[in-house]
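Fold and contact review
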Amino acid sequence: MSAGSAHEAETIVIVGAGQAGGWAAQTLRQEGFTGSIALVGDERHYPYERPPLSKAVLSGAAPAGSTFLMKPEAFEKLDLDWRPGVRATSIDREARQLRLSTDEGIGYDKLILCTGGRARTTNLPGADLAGLFTLRTIDDAAALSKVLMPGKRMVVVGGGWIGLEVAATARSKGVEVTVVELMTRLCERTVPPEISRYLSRLHSGHGVRLMLGAGVAGFTSNAEGLPVVALADGRELSCDAVVVGIGMIPNDAIARDAGLACDGGILVDARCRTSDPRILAAGDVAAWHCEWAGRRMRLESWQNAQEQGIAAARSALGVEVVHQPLPWFWSDQYDVNLQIYGIADPFHRAVVRGDLESDSFVLFYLDEDRVRSAMGPNAARDLRFARRLIESRKRVDPQRLADTSIAMSKQ
Ligand code: FAD
């Protein structure tokens, strides 16, 4: 008997029709669940993946529809009670009912929260002026793509992944780009200094002006109504558009208001269960104890949104899932594909395979003689082997690891 057939009279409600929510809905049907599935999403689009929004969709190389999780016909076949453009406003856990912005309610047997996050905005003076953009949705990408024209000037506030991908795409369209970052290195929160240095070299080499350790004091407009970024040290940057890429905020308010345990995200266990056994959560909004990192965290990644969305759906059907994927993240900038496996810890020992000054190398982080994380640009093949070393927890010889004459398959 399939996992879902015992639940045919049940209703499972999914809040958030993004990547995790879309995968959860699809998985419920794949597992044989024949009950009712409501998918409530405040965007008007079919469930979609966001990575192309800062890359091919932003540049115009791919249409927005290419990022949908599945073709509209396949989506319709899932036979969902789909509510596009509808916001879930509250959860009545006692009555097991979800309240909607349409003033309706939907009863649930199981509820899966896949509410993701929203772009973090700033409350600095002038933050609401015209010409300032954030990037999280298809609609954001459509608006921003209109200003990517040769000769336009863009200031990107925030040297994290989204900011750098936007910078790369904008440069490819002939836009003059300045990146303003408060920290003294790029992607400081997520990568070690060696990768930050590589990213600085990459972007400088493509003509991006990097201003590191530079704070923004606010925004004004010039006589033509174009934005001006005022820096904390008094300098001013006139431009045609500002992209604020300063991270995201998890959409966990609906869970907090319902009394579910939250702490910078909705707390779940490895079976994706929240503090209420009938409610599960997955994707960017979920925080759990990641065994690979040795701490509680949220993973803002394509891989996690898909795998945790699937895991939450199976768990809702009573399957004993254990969601503990080795964290994997990638970024595409210019012609570079950079990948990261695992979580680097400053106390780990760094081992370099190849030349940090080149366009392809692998940087390992070792805990004694075990690889805990591996990352690098244009090194997908070596990184696949590195992944196996991390997952198998095999002991390695750091000198052999650094020796490019010894194949990764022989480590
Ligand atoms: P989301 O995709 O945010 O979906 C959540 C959905 O729920 C949204 O539609 C939201 O509007 C909706 N919602 C929220 N609250 C409610 C409510 N109360 N009622 C109804 N609907 C609600 N990851 C990588 O690994 N590699 C990359 O290269 C990469 N590039 C990225 C580029 C961009 C521009 C962005 C924004 C993200 C990128 N990511 C990348 C991260 C990845 O896309 C996210 O981790 C993933 O989208 C998370 O999926 P999710 O379903 O958890 O959340």
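These numbers were taken from a predicted model, which means no experiment stands behind them. (Residues numbered from 1 in each chain as written. Predicted model: local features only at pLDDT ≥ 70, side-chain atom pairs only at ≥ 80, totals over all residues. Heavy atoms only, no water.)

What to know about helix α6 (residues 193–205)
Definition in use: Helix and strand definitions follow DSSP, with helices as H or I runs of at least four residues and strands as E runs of at least two, each counted in order from the N terminus. Here a helix's expected span is defined as the number of its residues, less one, multiplied by 1.5 Å. A simple rule labels every residue: compare its accessible area, found with a 1.4 Å probe on the protein chains alone, to the largest value its type can have, and call it buried under 20%, exposed over 50%, or partly exposed in between.
Given a rise of 1.5 Å per residue, 13 residues ought to cover 18 Å, and the 18 Å separating the end C-alpha atoms of α6 matches this to within 8%. Along α6, the residues classified as buried are E194, I195, S196, Y198, L199, S200, L202 and H203. Once α6 ends, the next one or two residues include G207, with phi positive near 85°.

Looking at the pattern of salt bridges
Selection criterion: We define a salt bridge as a contact between a side-chain nitrogen of Lys or Arg and a carboxyl oxygen of Asp or Glu at a distance within 4 Å.
Here the structure, examined in full by the defined rule, presents 21 salt bridges. The salt bridge involving D284 is made with R136; its shortest N-O contact spans 3.0 Å. Residue D284 is found in the loop between β19 (279–281) and β20 (286–290), and its partner R136 is found in the loop between β9 (132–133) and α4 (138–145); the two are separated by 148 residues along the sequence. The salt bridge involving E357 is made with R201; its shortest N-O contact spans 3.7 Å. In this pair, E357 is assigned in the loop between β24 (349–354) and β25 (361–367) and R201 in helix α6, connecting sequence segments 156 residues apart. A relative accessible area of 57% means that E357 is categorised as exposed.

Topic: the site of the ligand
What counts here: A molecule or strand has a residue near it when one of that residue's heavy atoms lies within 4 Å. The definition of a polar contact used here is a pair of N or O atoms within 3.5 Å, where within protein one atom must be able to donate a hydrogen and the other to accept one, and adjacent residues in sequence count solely through side-chain atom pairs. Computed with the Shrake-Rupley method and a 1.4 Å probe, the accessible areas treat only the protein chains shown as cover for residues.
Near the ligand there are 34 residues, and of these D42, E43, R50, K55 and R136 occur at the shortest range. At 2.6 Å from an oxygen atom of the ligand is found a side-chain nitrogen or oxygen belonging to E43. Within the side chain of D284, an N or O atom sits 2.7 Å from an oxygen atom of the ligand. Within the complex, 96% of the 1,000 Å² of free accessible area of the ligand lies under protein.

Here's the deal with the domain arrangement of the chain
In plain terms, the rule: Residue ranges for the domains originate in an automatic or database domain assignment. Here, residues are in contact when the closest pair of their heavy atoms is within 4.5 Å. As a working definition, buried area equals the accessible area (1.4 Å probe) given up by two parts on being put together, with both sides summed. Gly is placed with the polar residues, together with every amino acid not listed as nonpolar (Ala, Val, Leu, Ile, Met, Phe, Trp, Tyr, Cys and Pro) or charged (Asp, Glu, Lys and Arg).
Along its sequence, the chain is organised into domain 1 (3–118 + 249–316), domain 2 (132–246) and domain 3 (335–410). The gap between the C-alpha centroids of domain 1 and domain 3 is 33 Å. With four residues of domain 1 in contact, the opposing surface of domain 3 contributes five residues. Carbon and sulfur atoms supply 60% of the area that domain 1 and domain 3 bury against each other, a total of about 460 Å² over both sides. Joining domain 1 to domain 3, the criterion identifies zero salt bridges. Residue classes in the side of domain 1 that touches domain 3 are distributed as three nonpolar, no polar and one charged.

A closer look at the sheet that holds strand β2 (residues 36–41)
As a reminder, the rule being used: By the convention used here, strands pair only if DSSP detects at least 2 bridges between them. Lines fitted to C-alpha atoms define the axes here, with helix axes fitted over just the stretch in contact, and angles between the N-to-C directions of these axes take values from 0 to 180 degrees.
Overall, parallel pairing links the five strands, which are arranged β3-β2-β1-β7-β19 in an open sheet. Edge positions in the open sheet fall to β3 (81–84) and β19, since each of these has one partner strand only. Taking the axes of each pair of neighbouring strands and ignoring which way they run, one obtains an average angle of 15° across the sheet. The pairing of strand β1 (residues 11–15) with β2 spans five bridges and is classified as parallel. Considered in β2, the bridge of I12 is made with I37. With respect to the sheet, helix α1 (residues 19–30) is in contact with β1, β2 and β7 (110–113), its orientation differing from that of β1 by roughly 160°.

Digging into unusual backbone geometry
If you check the backbone angles, C272 has positive phi at about 70° while not being a glycine. Note on placement: C272 falls in the loop between β18 (266–267) and β19. We note that Y334 has phi near 55°; this positive angle belongs to a residue other than glycine. Looking at the secondary structure, you find Y334 in the loop between β22 (328–333) and β23 (336–342). Overall, the relative accessible area of 23% leaves Y334 in the partly exposed class.

A look at the nonpolar core
Which entries qualify depends on this criterion: The term nonpolar core refers to a set of buried residues drawn from Ala, Val, Leu, Ile, Met, Phe, Trp, Tyr and Cys, joined through side-chain atoms within 4.5 Å.
Counting residues in each nonpolar core, the largest one holds 47 residues, and the members touching the most others are I91, L98, L111, L113, F364 and L401. For this core, the leading source of residues is helix α9 (residues 380–392), giving five residues. The two domains that each donate at least three residues to this core are domain 1 (3–118 + 249–316) and domain 3 (335–410). Setting aside anything within four residues of it in sequence, one finds L113 in contact with V15, I91, A255, L260, I266, I279, L280, A281, A282 and V285. I37, M70, L80 and A316 belong to the second-largest nonpolar core, a separate cluster that totals 29 residues.

So, α1
Taking 1.5 Å of rise per residue, the 12 residues of α1 would be expected to cover 16 Å, and the 16 Å separating its terminal C-alpha atoms lies within 8% of that figure. Of all 12 residues making up α1, 11 are buried, and the element is well covered by its neighbours. For α1, the set of buried residues is Q19, A20, G21, G22, W23, A24, A25, Q26, T27, L28 and R29. Those residues of α1 that are buried lie in contact with β1, β2, β7 and α8 (302–316).

Concerning the side chain of D240
With respect to the element layout, D240 can be found in the loop between β15 (236–238) and β16 (241–244). Sequence-distant contacts of D240, that is, excluding residues within four places in its chain, are made with K152, R153, L226 and P227.

Things to note about the sheet that holds β25
The five strands lie next to each other as β22-β23-β26-β25-β24, forming an open sheet whose pairing is antiparallel. This sheet does not close on itself; its edge strands, each paired only once, are β22 and β24. Taking the axes of each pair of neighbouring strands and ignoring which way they run, one obtains an average angle of 20° across the sheet. Here β23 runs beside strand β26 (residues 370–377); their pairing, made up of five bridges, is antiparallel. Bridge pairing in β26 links Q339 to G376.

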